[in-house]
Amino acid sequence: VGNDVDVIIREYEYWQLATGLNIKMQKPGKLKDMAAIESFLRFAFQLPNQPAVHFLYMEYDGRPKSTFFENWFERTEGELHDYYERFTINKFRSFAKPFDDWRRNRNQTFHSESRKK
């Protein structure tokens, strides 16, 4: 990551939250994930431009899920809520919507091919 970065996007649906970070996490589970996110944020906000951080959740199957973002950032009592209040941290969800037509067509094709057999 260069010094002139304005936005950092972190996708978090398919990998563990510590994936891609060059830090050694000792404990598994929620504490490890929270430490990974906090380390990621500290790195991002120490850059000279203090870039905005965007967390991207694809919801590939189209079903909304509760995520760490709601639990740790958005809730006032969330463990990382202070970061949310002080810095530019956003989330993007429902990236599955553009693929609804594809899924619908794929299912129709599958069902019509099944009838042929």
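The structure presented is a predicted model; accordingly, all values stated were derived computationally and were not measured.

A. Spatial organisation of the pairing of strand β2 (residues 52-56). Among the five residues in β2, five count as buried, and that is most of the element. In β2, alternate side chains face the same way, and those of Ala52, His54 and Leu56 on one face and Val53 and Phe55 on the other are all buried. Note that β2 and strand β3 (residues 89-92) share four bridges and pair parallel. When the bridges of β3 are listed, His54 appears paired with Asn90.

B. A look at the pattern of salt bridges. Going through the model one piece at a time under the given rule, you end up with four salt bridges. Put simply, Lys91 and Glu70 hold a salt bridge, and the shortest N to O gap is 2.8 Å. Of the two residues, Lys91 is situated in strand β3 and Glu70 in helix α2 (residues 68-74); the sequence distance between them amounts to 21 residues. On the basis of relative accessibility, which here comes to 25%, the residue Lys91 falls in the partly exposed class. When its relative accessible area of 14% is taken as the criterion, Glu70 is described as buried. The closest approach of N and O atoms between Glu74 and Lys91, which form a salt bridge, is 3.3 Å. Of the two residues, Glu74 is situated in helix α2 and Lys91 in strand β3; the sequence distance between them amounts to 17 residues. Glu74 sits in the partly exposed class, given a relative accessible area of 29%. Each of the salt bridges in this network shares a partner with another, and the network as a whole consists of Glu70, Glu74 and Lys91.

Reading the values: the criteria
Residues numbered from 1 in each chain as written. Predicted model: local features only at pLDDT ≥ 70, side-chain atom pairs only at ≥ 80, totals over all residues. Heavy atoms only, no water. Buried < 20%, exposed > 50% of the residue type's maximum accessible area, 1.4 Å probe, protein only. Helix = DSSP H or I, 4+ residues; strand = E, 2+ residues; numbered from the N terminus. Pairing = 2+ DSSP bridges. Salt bridge = Lys/Arg side-chain N within 4 Å of Asp/Glu carboxyl O.

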